[in-house]
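# Coordinates in review
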Amino acid sequence: MSEPASISGGIAVRYATAVFELAKESNAIAALEGDVATLSSALAESDDLKALITSPVYTREELEAAIKAIAAKAGLSGIVTGTLGLMAQNRRLFVLPQLVAKLGDLLAEARGEVTAEVTSAKALTKTQTTKLAKTLSEKFGKTVNINATVDEAIIGGLVVKVGSKMIDTSIASKLNSLQNAMKEVG
């Protein structure tokens, strides 16, 4: 991971943890879930918002006024609105996408859920996805949400990442292992 990305990630984790703890203390987890969904869709749909949070042109006061106006229009909770204002004052709005992602992770963890990043050579069917989610749920003891992607380069099999654990049953991986073993022999 590059240094700027790790710095952004660290900043986002600190803000996300603080927001989550504040929401938990004030029994506002449901409101926080709604805010995260709203911010996530706004970031996905609005190029203007992305430009605003990354632009160095605006003053701190302009950023704070703009982001608070956006938060009010979107109906965000006081905790999130205040945090966004603080982030604008500290020139930290550029980490908003990472903040939203980390808050999503914290909320899922609080619900007892975990997300599995699954890569396959072909798109998984609904039956395969359901069966895989059930198997992973039994293994990890939590509800598993599948985030599936297709990468034909793995040839066949699956690459499953859940948190820091990775299960690689891809044919490409097995061929690489076989190739390395043959290099050691010859």
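I will try to describe carefully the structure that is included in this document. (Residues numbered from 1 in each chain as written. Predicted model: local features only at pLDDT ≥ 70, side-chain atom pairs only at ≥ 80, totals over all residues. Heavy atoms only, no water.)

## Considerations on the packing of helix H2 (residues 29-45) against helix H6 (residues 96-110)
Operational definition: Note on geometry: axes are lines fitted to C-alpha atoms, helical ones only across the stretch in contact, with angles between N-to-C directions running from 0 to 180 degrees. Each helix corresponds to a stretch of at least 4 residues labelled H or I by DSSP, and each strand to a stretch of at least 2 residues labelled E; elements are numbered beginning at the N terminus. An angle counts as roughly parallel when it lies under 35 degrees, as roughly antiparallel when it exceeds 145, as roughly perpendicular when it falls between 65 and 115, and as oblique in every other case. When the near helix sits turned anticlockwise from the far one by under a right angle, the crossing is termed left-handed; a clockwise turn instead gives a right-handed crossing. Two residues qualify as a contact provided that any one of their heavy atoms is within 4.5 Å of a heavy atom in the partner residue. Three residue categories are used. Nonpolar comprises Ala, Val, Leu, Ile, Met, Phe, Trp, Tyr, Cys and Pro, charged comprises Asp, Glu, Lys and Arg, and polar comprises the others, including Gly.
Where H2 contacts H6, the two axes come as close as 10 Å, and the packing angle between them is 140°. Here H2 is positioned oblique relative to H6, judged by the angle of their axes. You can see that H2 and H6 cross each other, and the crossing is left-handed. Contacts between H2 and H6 pair Ile29, Leu32, Glu33, Val36, Leu39, Ser40 and Leu43 from the former with Leu96, Pro97, Val100, Leu103, Gly104 and Leu107 from the latter. A per-class count over the contact of H2 with H6 returns 10 nonpolar, 2 polar and 1 charged.

## A short note on empty space enclosed by the protein
The probe, sized like a water molecule, is rolled over the atoms to show the empty space still left. Our working rule: Think of a 1 Å grid over just the protein atoms. A cavity is a set of points where a 1.4 Å probe fits yet cannot get out, a pocket is an open set with protein on both sides within 12 Å along at least five of seven lines, and lining residues have an atom within 4 Å of a point. Grid points are joined across faces, edges and corners, and a volume is the space filled by probe spheres set on the points.
Counted according to the given criterion, the structure contains 1 cavity of 30 Å³ or more. Of the pockets and cavities examined, the largest cavity occupies roughly 40 Å³. The wall of the largest cavity is formed by Val19, Leu39, Val80, Thr83, Leu84, Leu99 and Leu103. Of all the secondary-structure elements, those providing two or more residues to the lining of the largest cavity are helix H5 (78-89) and H6. A per-element tally of the lining of the largest cavity places H5 first, with 3 residues. Looking at the lining of the largest cavity residue by residue, the class counts come to 6 nonpolar, 1 polar and no charged.

## Focus: the packing of aromatic side chains
Test applied: Stacked, edge-to-face and tilted labels apply to pairs of Phe, Tyr and Trp rings (six-membered ring for Trp) whose centres lie within 6.5 Å, assigned for plane angles under 30 degrees, over 60, and everything in between, in that order. Charge-over-ring contacts are defined here by two conditions on Lys NZ or Arg CZ: a distance within 6 Å of the ring centre and an angle within 35 degrees of the ring normal.
In this structure the tally under the stated criterion is 0 aromatic pairs. Residue placement shows lysine 139 over the ring face of phenylalanine 140; its charged tip is 5.8 Å from the ring centre.

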